[in-house]
Amino acid sequence: MPDTLPADSVGIVSPQTYHFDAPIDLACGQSLENYDLVVETYGTLNADASNAVLICHALSGHHHAAGYHSAEDRKPGWWDSCIGPGKPIDTDRFFVVSLNNLGGCHGSTGPNSINPETGKPFGPEFPVITVGDWVKSQALLADRLGIQCWAAVVGGSLGGMQALQWSLDYPDRLRHAVVIASTPRLTAQNIAFNEVARQAITSDREFHEGRYYDFDTVPRRGLMLARMVGHITYLSDASMGEKFGRELRDQAYKFGYDAEFQVESYLRYQGERFSESFDANTYLLMTRALDYFDPAYEFGGDLSKALAAASCEYLVLSFSTDWRFTPARSEEMVNAMIGARRKVSYAEVDAPWGHDAFLIPTPRYTDIFNAYMDRVAREVGA
Amino acid sequence: MRPDLEIIQQWVQPGHHVLDLGCGDGTLLDFLQRERGASGFGLEINPDHITACMGRGVAVIEQNLDTQGLGNFEDGSFDIVLMTQALQAVRRPDRVLDEMLRVGSEGIVTFPNFAHWRLRWGLTLSGRMPESEALPYKWYNTPNIRLCTFKDFEALCRQKGIRIKSRRVVDGQHQNSWLARLWPNLLGEIAIYRITRET
């Protein structure tokens, strides 16, 4: 944390755990008897509970979206650039709710939680969770918080999928869905990358079929590889080129296979850091949730028909160099919304950072996000 | 409100689904939504205009008519397709007109008249490409790459089997003038055409 707290920071925040006793039925046919959701909130809920905004996180995200947990924190929450006083998701106007999704590894019930039936971590016994399941659990959280209708449900990437799913499953419980750098379904290429990541994890000798907790180890190398390959898909060729080019760590080639190029050591560092803080089973679960997401599936592949159930307004944003979920994927979504006569606004923001651009404030992105959220706030009198 | 927009809004009925091509900052659509009970979308490529639309609650899609066309809109999905002061800036106005009347049952088009006497006079006297309030650019940087006259436009409509339901002619300040009604192609600066497919 900087020496003095920036004026546009939500400041020091602390997460809260909500325990749910009633069983939740999941898409896979199983159910969880009870579960915890770890939640952070920023700002104040107004008297008629109309100013609540739900933040949905992406693959490796969690509840800590903004502010700092302590003065010692090196970095703020993962979306601090967009959440705070005077920022697009203005905490002076909105009550912001951010949670760690079910199946996560940051405090909400997930594969690394203790299974009450066995007294041991769930591991591979933890059910596969879908985007729809997340939305369902988020709706139960909304009930708990006294929020009948979100002013907006907002998310990037996998978070955007949750926002879209919200609009289909609970059309009368949100006014706006903000879907950023997302897609209505994964392509074969997207699934292929996920499969490489999963193979990296499951073929690690320390994986022990997902029961690595029992062996007091973690499939670190597998998780590291999974993150490395994932990370490549989050950046663009241009941004990697600009950041690293062909730069070497030392002056000359060493004619060996150690990390000689800067980009190699960067990826290794990212992978290692990630493997120390993330649970491998959660990574499997999150990538599967991505693969399965396809709201048009039960409508014969026609997303327009799926959207007939929706009634909220949409903001869809894509980034020019995002090759993971390209602008064309967002446009597919937008066209389906147009076909379903839903109110939608769309922009493709020119940004060099690939998929990661949704986390990086650029002037146009911030302007659009500000303008849209300002209108949402005015609409609910916040 | 600008008189041309005033005229246009009278043609929009409550419940009409409207597509506005080159919707600018969304002023017209905003008005049509609030005052006429219409719904619809605007297409725009100017980033500031797009942001302005979003800020005022006008549904706007970033879409370039020249490169992307209207292929993402279904046949007959709009009651009215509007294009104010943008026909002269697209690469193929003829195709845009076809597309307008494919996706909408009616089109409303406004554009500056290149046969207005002041432009004719300027060209005759100075031998230079004319400039005016409606056309304030140099020949080399103008976005208006497909200038035409009222007569040209009407000839194209005839050729394409497009019926002109009505035509209103206004001056540079978008005011109605009886002179412009008398000799539109000479004295009218901006025309507002309401068009449909010949049935």
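Residues numbered from 1 in each chain as written. Chains lettered and ligands numbered in written order. Predicted model: local features only at pLDDT ≥ 70, side-chain atom pairs only at ≥ 80, totals over all residues. Heavy atoms only, no water.

- Chain B goes by Methionine biosynthesis protein MetW in an unreviewed UniProt entry, where it is assigned to Marinobacter flavimaris.

- Taking an unreviewed UniProt entry as the reference, chain A is identified by name as Homoserine O-succinyltransferase belonging to Marinobacter flavimaris.
- Per UniProt, the comment on chain A under Subunit (unreviewed entry) is "Homodimer."
- Within the UniProt record for chain A, the comment given under Function (unreviewed entry) is "Transfers a succinyl group from succinyl-CoA to L-homoserine, forming succinyl-L-homoserine." (UniProt positions renumbered as here; feature names shortened; annotations may be inferred.)

1. A look at the overall build of chain B
No. 1: Counting its secondary structure elements, chain B contains nine helices and seven strands.
No. 2: By its C-alpha atoms, chain B is 50 × 40 × 30 Å across when sized along the principal axes.
No. 3: Across the 199 residues that make up chain B, the buried fraction comes to 51%.
No. 4: Within chain B, contacts between residues separated by at least 24 positions form 65% of all contacts whose residues are at least 6 apart in sequence.
No. 5: Carbon and sulfur atoms make up 50% of the accessible area of chain B, which amounts to about 9,400 Å² in all.
No. 6: Separation between the mean location of the 23 positive side-chain charges and that of the 24 negative ones in chain B comes to 7 Å. (Helix = DSSP H or I, 4+ residues; strand = E, 2+ residues; numbered from the N terminus. Buried < 20%, exposed > 50% of the residue type's maximum accessible area, 1.4 Å probe, protein only. Contact = heavy atoms within 4.5 Å. Areas by Shrake-Rupley, 256 points an atom, 1.4 Å probe, with all protein chains shown as cover. Lys, Arg positive; Asp, Glu negative; His and termini not counted. Charge placed at Lys NZ, Arg CZ, Asp CG, Glu CD.)

2. With respect to the pattern of salt bridges
Pairing between side chains of opposite charge can happen when the charged atoms of each approach one another.
All names here are of chain A.
No. 1: By the definition in use, this model includes 34 salt bridges over all chains.
No. 2: Two residues, R185 and E332, come together in a salt bridge whose shortest N-O distance is 3.0 Å. Here E332 lies in helix α9 (residues 327–339) and R185 lies in the loop between β12 (176–180) and α3 (188–202), a separation of 147 residues in the sequence. (Salt bridge = Lys/Arg side-chain N within 4 Å of Asp/Glu carboxyl O.)

3. A few points about the side chain of A:S330
Residues and elements named next belong to chain A.
No. 1: Within the secondary structure, S330 is located in helix α9.
No. 2: With a relative accessible area of 0%, S330 lands in the buried category.
No. 3: Non-local contacts of S330, meaning those with residues more than four positions away in its chain, are made with S182, V316, L317, S318 and Y346.

4. A look at the confidence of the model for chain B
All names here are of chain B.
No. 1: Across chain B, the average pLDDT comes to 91, with 96% of residues at or above 70.
No. 2: No element of chain B has a lower mean pLDDT than helix α8 (residues 178–182), at 72, and none a higher one than strand β3 (residues 60–62), at 98.
No. 3: Across the predicted assembly, pTM comes out at 0.95 and ipTM at 0.93. (pLDDT = per-residue confidence, 0-100.)

5. Quick look at the interface of chain A and chain B
No. 1: At the interface, 20 residues of chain A touch 19 residues of chain B.
No. 2: Summing the contributions of chain A and of chain B, the shared interface buries around 1,600 Å²; its carbon and sulfur component is 56%.
No. 3: Interface area lost by chain A to chain B is led by A:I338, A:R341 and A:R364, which between them contribute 31%.
No. 4: The interface formed by chain A and chain B contains one salt bridge.
No. 5: Taken together, the connections running from chain A to chain B amount to 10 residue pairs in polar contact (both at pLDDT 80 or more).
No. 6: At the level of elements, α9, β14 (344–349) and α10 (363–379) of chain A are the ones that each hand at least two residues to the side of chain A that touches chain B.
No. 7: With seven residues, the top contributor of residues to the side of chain A that touches chain B is α10(A).
No. 8: Residues of the side of chain A that touches chain B, tallied by class, amount to nine nonpolar, two polar and nine charged. (Buried area = accessible area lost by both parts, 1.4 Å probe. Polar contact = N/O pair within 3.5 Å; in protein donor to acceptor, adjacent residues only side chain to side chain. Nonpolar A, V, L, I, M, F, W, Y, C, P; charged D, E, K, R; others polar.)

6. As for helix α6 (residues 262–277) of chain A
Residue and element names in this part refer to chain A.
No. 1: Taking 1.5 Å as the rise per residue, α6 with 16 residues should run 22 Å; its terminal C-alpha atoms sit 23 Å apart, in good agreement.
No. 2: Within α6, burial applies to S265, Y266, L267, Q270, G271, F274 and S275.
No. 3: Where α6 is buried, its residues meet α4 (220–234), α5 (237–243) and α7 (280–292). (Expected span 1.5 Å × (residues − 1).)

7. Some points on a nonpolar patch on the surface
Residue and element names in this part refer to chain B.
No. 1: A surface patch of nonpolar side chains, amounting to about 850 Å² of accessible area, comprises W117, W121, L125, W178, L182, W183 and L186.
No. 2: When residues of the nonpolar patch are traced back to their parent elements, those giving at least two are α6 (117–126) and α8.
No. 3: In terms of residue count, α6 provides more of the nonpolar patch than any other element does, three residues in total.
No. 4: Among the secondary structure elements, W117 is positioned in helix α6. (Patch = residues over 30% accessible without salt bridge, like charges linked within 9 Å, V, L, I, M, F, W, Y side chains within 5 Å.)

8. Details of the UniProt feature "domain: AB hydrolase-1" (unreviewed entry) in chain A
No. 1: Following the UniProt record, one finds the feature "domain: AB hydrolase-1" (unreviewed entry) at residues 51–359 of chain A.
No. 2: Between the C-alpha atoms that bound residues 51–359 of chain A there is a distance of 23 Å. The span itself is 36% helix and 13% strand.

9. So, the packing of aromatic side chains
Residues and elements named next belong to chain A.
No. 1: This structure, assessed with the given rule, holds 26 aromatic pairs over all chains.
No. 2: For the ring pair W78 and W79, a centre distance of 5.6 Å and an interplane angle of 5° mean the geometry is stacked.
No. 3: Given a relative accessible area of 21%, W78 falls into the partly exposed group.
No. 4: Here the aromatic rings of F319 and Y365 are separated by 5.0 Å at their centres, their planes lie at 85°, and the arrangement is edge-to-face. One end of the pair, F319, is in strand β13 (residues 313–319); the other, Y365, is in helix α10, and 46 residues separate them in sequence. Each member of the pair, F319 as well as Y365, carries the same accessibility label: buried.
No. 5: Among the aromatic side chains, those forming a connected cluster through ring pairs are W78, W79, F319, F358, Y365 and F369.
No. 6: One cation-aromatic arrangement involves R144 over F20; the distance from NZ or CZ to the ring centre is 4.3 Å.
No. 7: In this arrangement the basic side chain of R375 is found over the ring face of Y372, its NZ or CZ atom lying 5.8 Å from the centre. (Phe/Tyr/Trp six-rings, centres within 6.5 Å; stacked < 30°, edge-to-face > 60°. Lys NZ or Arg CZ within 6 Å of the ring centre and 35° of its normal.)

10. Looking at the packing of α3(A) against α4(A)
Residues and elements named next belong to chain A.
No. 1: At a minimum axis separation of 7 Å, α3 and α4 run at an interaxial angle of 165°. Between α3 and α4, the interaxial angle falls into the category roughly antiparallel. Seen along the crossing, α3 lies across α4 with a hand that is right-handed. Side by side, α3 and α4 meet where F193, V196, A197, A200 and I201 of the first sit next to G222, L223, L225, A226, V229 and T233 of the second.
No. 2: Of the residues belonging to the contact of α3 with α4, the class tally is nine nonpolar, two polar and no charged. (Axes fitted to C-alpha atoms, helices over the stretch in contact; angles between N-to-C directions. Parallel < 35°, antiparallel > 145°, perpendicular 65-115°, else oblique. Left-handed = near helix turned anticlockwise from the far one by under 90°.)

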